[in-house]
Amino acid sequence: TSGNSSVLSFAQERLWFIEQYEEGTNAYHIPTVLELAADTDIGGIKYALQQIVSRHEVLRSTIVQGDSEHGIQIVHEEPLDIEEVELREGADLEMHLKADINRSFDLSSSYPIRVKFYRMRCGVSESVDRTVLLLNVHHIASDGWSGGIFQKELIGYYEAYVREDMEFSLP
């Protein structure tokens, strides 16, 4: 299931060492929490996220111990696992978000990005009243500069999905 592998950069090696030493830490998580508008096409968001992960190998990589003390990045082809949870009225969204944001990444077995939709129903209506999206990326795969690129790509692919333009691609 792996496409290719490469040695980690010096910065990635440092973060991977800290992850190993700390046995999982939330210090390098980069969470983004978005409340989506009622008319947001969730399928479009999922499509856009899958397109981004398929474009950027670092987002679909795991890290294993190499022959020496260095880590090796293994690139996979499997799509991103996107979680969805339904919360009933009175559920503590803040508590759920905090727990998911702080849950450590196992960089040896899972991608350095996690996506979770929280759908909340309020009152007797069976329709979803609120949808909150949590994007949590490990710093080993992203930084402040690449966050802006991620956002632009998310918007670009989402808008293409809404226009039904499946030929859309980015350079």
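Analysis parameters
- Residues numbered from 1 in each chain as written.
- Predicted model: local features only at pLDDT ≥ 70, side-chain atom pairs only at ≥ 80, totals over all residues.
- Heavy atoms only, no water.
- Pairing = 2+ DSSP bridges.
- Helix = DSSP H or I, 4+ residues; strand = E, 2+ residues; numbered from the N terminus.
- Axes fitted to C-alpha atoms, helices over the stretch in contact; angles between N-to-C directions.
- Parallel < 35°, antiparallel > 145°, perpendicular 65-115°, else oblique.
- Left-handed = near helix turned anticlockwise from the far one by under 90°.
- Contact = heavy atoms within 4.5 Å.
- Buried < 20%, exposed > 50% of the residue type's maximum accessible area, 1.4 Å probe, protein only.
- Polar contact = N/O pair within 3.5 Å; in protein donor to acceptor, adjacent residues only side chain to side chain.
- pLDDT = per-residue confidence, 0-100.
- Phe/Tyr/Trp six-rings, centres within 6.5 Å; stacked < 30°, edge-to-face > 60°.
- Lys NZ or Arg CZ within 6 Å of the ring centre and 35° of its normal.
- Right-handed = clockwise from strand over helix to strand, strands pointing away.

Attention shifts here to the sheet that holds strand 7 (residues 130-138). As summarised here, the arrangement of the four strands in space is 2-7-6-5, forming an open sheet in which the pairing is mixed. Edge strands, defined here as strands with exactly one partner in the open sheet, are strand 2 (29-36) and strand 5 (82-87). With direction set aside, neighbouring strand axes in the sheet form an average angle of 20°. Relative to strand 6 (residues 113-120), strand 5 runs parallel, the two being bridged by six bridges. Looking at the pairing, Glu83 lines up with Lys116 of strand 6.

In this section: the packing of helix 2 (residues 42-55) against helix 4 (residues 144-162). Orientation of helix 2 relative to helix 4, taken along the N-to-C sense of each, is 130°, at an axis distance of 8 Å. In this view, helix 2 runs oblique relative to helix 4, as classed from their interaxial angle. Crossing angle aside, the handedness with which helix 2 passes helix 4 is right-handed. Touching Gly43, Gly44, Ile45, Tyr47, Ala48, Leu49, Gln51, Ile52 and Arg55 of helix 2 are Phe150, Glu153, Leu154, Tyr157, Tyr158 and Tyr161, all from helix 4.

What follows is about the side chain of Arg60. Among the secondary structure elements, Arg60 is positioned in the loop between helix 2 and strand 3 (61-65). Looking at Arg60, the relative accessible area reads 8%, which means it is buried. A polar contact of 3.4 Å, which involves the side chain of Arg60, links it to the side chain of Glu77. Setting aside anything within four residues of it in sequence, one finds Arg60 in contact with Val53, Ser54, Ile74, Val75, His76, Glu77 and Tyr111.

What follows concerns the confidence of the model for the protein. Confidence along the protein averages 87 in pLDDT terms, with 91% of residues attaining 70 or more. Across the protein, the secondary-structure element scoring lowest on mean pLDDT is strand 1 (residues 2-7), at 70, and the one scoring highest is helix 2, at 97.

Moving on: the packing of aromatic side chains. Counted under the stated rule, the structure contains two aromatic pairs. Taking 5.3 Å as the distance between ring centres and 40° as the angle between the ring planes, the aromatic pair formed by Tyr47 and Tyr161 counts as tilted. One end of the pair, Tyr47, is in helix 2; the other, Tyr161, is in helix 4, with 114 residues separating them in the sequence. Residue classification places Tyr161 among the partly exposed residues on the basis of a relative accessible area of 25%. Between the aromatic rings of Tyr157 and Phe168, the centroid separation amounts to 5.2 Å while the plane-to-plane angle is 85°, which identifies the pairing as edge-to-face. Here Tyr157 is found in helix 4, whereas its partner Phe168 is found in the segment after helix 4, with eleven residues between them in sequence. A cation over an aromatic ring shows up here: Arg114 above the ring of Phe105, its NZ or CZ 3.9 Å from the ring centre.

Of all eight residues in strand 6, seven are buried, a share of seventy percent or more. A crossover links strand 5 with its parallel partner strand 6, the connecting element being helix 3 (residues 93-102), and its sense is right-handed. One ladder, built from eight bridges, connects strand 6 with strand 7; its direction is antiparallel. The residue bridging Ile113 from the neighbouring strand is Val137, located in strand 7.

The next thing to look at is the environment of Met166. Within the secondary structure, Met166 sits in the segment after helix 4. Classification of Met166 by relative accessible area gives partly exposed; the value is 41%. For the pair Met166 and Ile30, spaced 136 residues apart in sequence, the C-alpha to C-alpha distance is 29 Å. Setting aside anything within four residues of it in sequence, one finds Met166 in contact with Tyr47, Ala160 and Tyr161.

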